[in-house]
Each structure stands twice: as structure tokens, then as C-alpha cells.
Amino acid sequence: MELLIQIGFFLALLVVGLVAGTLNERRHYRRLREDEAALRGILVFNERRPPDDLPLRTGQLVVGSVVIGEDYFKRIAASLKSLFGGRLVVYESLMDRGRREAIVRMKREAEHLGATMVFNVRFETSSLAEDGTGRQAAFSAEFIAYGTALVPPAAA
Amino acid sequence: MSRYENPQLPDDVNVGRENPLTEFLRLAAGLALLALVIGAALYFGGSQLARLIPFETERDWVGERLAPGSGLPAAPGNAEIRDYLQALTDRLAAQMDLPAGMTLRAHYVDTEIANAFASLGGHIAVTRGLYRRLPSENALSLVIAHEIAHVRARDPIAGIGGSAALLLVMSLVTGDASALSGAFAGVVQRGYSRRAETAADTRAIDALRRHYGHAGGGTAVFKTFAQLRTAHGGEPPALLSTHPLDAERIARLQQAAAGWDAAAQPLVPLRLVDERP
């Protein structure tokens, strides 16, 4: 009986994680596509230097960062997959959303400054999972995108 | 400047196309199957090893008393009936080719729950609830002979050995199986395999035939259980599920009693009646 209750709780959490997580992810992707379309005017490049023939502009650091957490289903599905190995598809979408959201936020900051281009764009990702106790806390990751926004003199 | 642009690229290349839910269900099913196979192998291996323990050793571990944890009250029932059960057990055992040194001890358990079981160390228990409901000594003998057959086949210790192997490995894997072990012990010790039950039935019918000259009167046991089952609203009492009823077993008993002439070979009545209300 006790075991049945435990299994019941586990399954309930799993379903909650699956439903809420899937809806969340779908909504996030929809918003990402809208934002990306809206910010297509801001160009981003990973080149370190702007081309020499570009008219003079001031450079300014722009940063976009976001923290994304897993849901219960992702957590269990990933630990199950880790027994066998292979691609962790459940985390692929999480990381993808994080990187794209960070770029969107960085572009938004650049837009604020009146910039149309960001050069030398870099990514940083760090996992917030380790709490030092050795126990695996809920997995979440921070994504930072940063670069140098080139602001035309008139706008600056 | 025309070199510098951000063309629209497909935005789904970084995520696998596989549906996480289908993959999860597939892996979970595979893991469950694997666990089942390993669990079955462990249980089988553990029970085979336990059968190698000499019966004398098993008896020394358990001692003179009915093993605890059988879920029944320790209060002994009527002493005369216990002696009667013991005498019947000894007579039946004489017909069953027990290995040398295997001794049996009968117990009469004071509870209304109708049940009979064989426990570690050659202890055989019949409850008052069952005894009162049996119409003849022949029926009682079938029950006792069935339990003797379990002891002879070492089924009780095999069941414990199998669960022990399973729990040991489970505690090694999970680190702490104390939460699981109780629940699993209940599930695992619920009953012997169908094959063990069938073998015990066959031996019991054989013993009945040698002792009484026929195998009649045995189906009354199943009728008693069936009546109890309907009295409990269709659901069998938990303890009875250690001896599952099925049409196959009844059919085999009827077949065994086929040549029996009830007029020429009347059933033996129970020698003692439990008169407690």
C-alpha cells in the first residue's frame, strides 16, 4: 500500500512535469520566434573586429542572460536515458531555448542603445545544479550572450 | 557592407526530432523488462541455494515454535485438536516418503481466519476457522498432506531464500532498501509458484489415496473456500490467496476421485469438534 502511494505520487509528478513542461516549452518557442522576427534588424556576428570600411561608431557592451530550469519529467527522462547513454533530447531543447533567449535579450539591449549590429558575440553557459552537497538538485542552467554593440554617433 | 548579413536560417536544427515521451516509454519498458528478468533469475537462484540448506539446520534456526511474522496470533488453540492434527500429520507423513530426519510439527491456531500453511522448520498450521468448516477428516487430510508436500519440497525455505537474494541485491543497488523491502517482502512471499502448488496437490492426492484407499472428499476443501469467498463479497481473504483457487485444481481432484464409491468407502468424520462459539 505504502509502495503504491509512493508510485502514485511519482507518476502524478511525472505527468505534471510532462504536461506543464511541454506547454511551457511550446509557449516559449512561440514567443522566441516572434521576438527573433521582431529583432531581425539587429545583426549579430562573432567576428572580433568590425570591418575597417564601417563608418565610425562607438562600441558598447551588451549582455543578455537567462536561467532555465528543467521540469520533473525532463529530470527523470534524462536520468533514465543516462543509464543507456546517447543524446539527451529533453535537455537539447532546454539548452536551445536558453541560447536563443539570451541572444534575444542581448539584441533587445542593443536595440535600446540604438545599435544595429553586435560584433564579437560570445556565449557562456553554466550549470546551477551543483549545490556542493553531492546530491543532485534540480538541474538549471544560466546562458549569457554578450558582445560589442556598435552605436552610430547620432544615436549615442 | 553587403558581406555582413544575418540570413533567416532553420531554427530547429539544434533539437533532436525524437519525441521525448515515446523515447521515455520505450526506455522505461526496456528497463522494467530487464529488472524483471534479473529479479526472476535472482529469486530462482536464491531459492535453489536455500533448498541446499539441510533440513536439520533449518529446524535448529526456527526451533519449536511457529515462525513469527505469519500474521496470525501466537495463541495456541485446543490442545486435544492439536494432538489430533499431529497424529494425522504423522500418519500421512508415513505415506509420503519423507527424507530421513525430516520431522513435522502440527499447530492449531486460534483464529477465525480460515487458512492452513507450512512454515520454516517443518511446522504445519491449521486455523480454527478452517478446521470448523471442514466436513470430514478426508478433507482435513488433503489440506495437511498438501502442506506436508510443501515442506518435503522445501518450498517455505526456498521462498525465503529467493526473497532474501532479491532484497540483498535491491539494497545494494538502491543503497537503502528499507523503505522498499517491507513492501516487497509482502509481495514476494505471497505464495508459491503455480508449479509448486500443482506438485503439492499431486503428492497430497497420492497420500490421501494410500491412506484411505481413495481420494474422495477432497473437493469439500475447495467448496469451503468458495463459500468463504462469496461470504466476503467475492474477494478472497488476503491469507487465502496463498492457495489460489482455480478450476484446474478442482478438476484434477474430481478426476482423482473418479473411481470412488461413496457408499462402499464412506468419508471419515472429524474425530473432534471445536465447540467454541
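Here is a short report on the structure shown in this document. The model shown is predicted, which means the values in this text are computed figures rather than measured ones.

Basis of the calculations
Residue numbers here run from 1 along each chain, matching the order of that chain's written sequence. Written order decides the labels, with chains lettered from A and ligands numbered from 1. Note on the predicted model: pLDDT of at least 70 is required for a residue's local features to be given, and 80 or more for side-chain atom pairs to be given and counted; whole-chain, interface and lining totals, by contrast, use all residues. For helices the rule is a DSSP run of H or I covering at least 4 residues; for strands it is a run of E covering at least 2, with both sets numbered from the N terminus onward. At least two bridges found by DSSP between two strands are what make those strands a pair. Inter-axis angles, ranging from 0 to 180 degrees, are taken between N-to-C directions of lines fitted to C-alpha atoms, where helices are fitted over the stretch in contact. Two residues qualify as being in contact provided that their C-beta atoms, derived from the backbone, are within 7 Å of each other. Burial is judged by counting the other C-beta atoms within 10 Å of a residue's own C-beta: 20 or more makes it buried, 12 or fewer makes it exposed, and any count in between marks it as partly exposed, with every C-beta position built from the backbone. If an angle is under 35 degrees, it is roughly parallel; if it is over 145, roughly antiparallel; if it lies from 65 to 115, roughly perpendicular; otherwise it is oblique. Gly is put with the polar residues, along with every residue not named as nonpolar or charged; the nonpolar set is Ala, Val, Leu, Ile, Met, Phe, Trp, Tyr, Cys and Pro, and the charged set is Asp, Glu, Lys and Arg. In this scheme the crossing of two helices becomes right-handed for a clockwise turn of the near helix relative to the far one and left-handed for an anticlockwise turn of less than a right angle.

Residues and elements named next belong to chain B. Even without a glycine there, the phi angle at Asp97 is positive, about 50°. As for its placement among the helices and strands, Asp97 is situated in the loop between helix H3 (79-94) and strand E1 (105-109). Positive phi, close to 60°, is recorded for Arg154, a residue that is not glycine. Mapped onto the elements, Arg154 comes out in the loop between helix H5 (137-152) and helix H6 (155-174).

Moving on: the sheet that holds strand E2 (residues 116-119) of chain B. Residue and element names in this part refer to chain B. Judged by pairing direction, the sheet is mixed, and its three strands sit side by side in the order E1-E3-E2 without closing on themselves. Two strands lie at the open edges of the sheet, namely E1 and E2, each paired on one side alone. Across the sheet, the mean angle separating the axes of adjacent strands is 20° when strand polarity is ignored. Bridge count between E2 and strand E3 (residues 123-127): four bridges; the pairing is antiparallel. Note that in E3 the partner of Ala116 across the bridge is Val126. Helix-sheet contacts for H5 involve E2 and E3, and the interaxial angle to E2 is about 20°.

This brings us to the environment of B:Ser119. One can find B:Ser119 in strand E2. A residue is classified by how many C-beta atoms lie within 10 Å of it, and B:Ser119, with 23 of them, is buried.

Let us now look at the pairing of E2(B). Residues of E2(B) alternate between two faces, with B:Ala116 and B:Ala118 on one and B:Phe117 and B:Ser119 on the opposite face, all of them buried. The hairpin formed by E2(B) and E3(B) contains three residues between the paired strands, and B:Gly121 there has a positive phi angle of roughly 80°.

Residues and elements named next belong to chain A. Axis separation between helix H1 (residues 2-38) and helix H2 (residues 72-84) bottoms out at 6 Å; the angle between their running directions is 110°. Put simply, H1 runs roughly perpendicular to H2. Across the interface between the two elements, Leu13, Leu14, Val16, Gly17, Leu18 and Gly21 of H1 pack against Tyr72, Phe73, Lys74 and Ile76 of H2. For the contact of H1 with H2, a count of residues per class yields seven nonpolar, two polar and one charged.

Residue and element names in this part refer to chain B. In the contact formed by H3 and H5, the axes pass within 10 Å of each other and the chain directions differ by 65°. In this structure, H3 meets H5 at a crossing whose hand is right-handed. Residues Leu88, Thr89, Leu92 and Ala93 of H3 form the contact with H5, whose participating residues are Leu140, Ser141, Ile144, Ala145 and Ile148.

Now for the interface of chain A and chain B. Counting residues at the interface gives 18 residues for chain A, matched by 15 residues for chain B. Of all elements in the fold, only H1, strand E1 (43-44), H2 and helix H3 (89-113) of chain A reach the threshold of two or more residues within the side of chain A that touches chain B. Across the side of chain A that touches chain B, the residue classes tally to 11 nonpolar, one polar and six charged.

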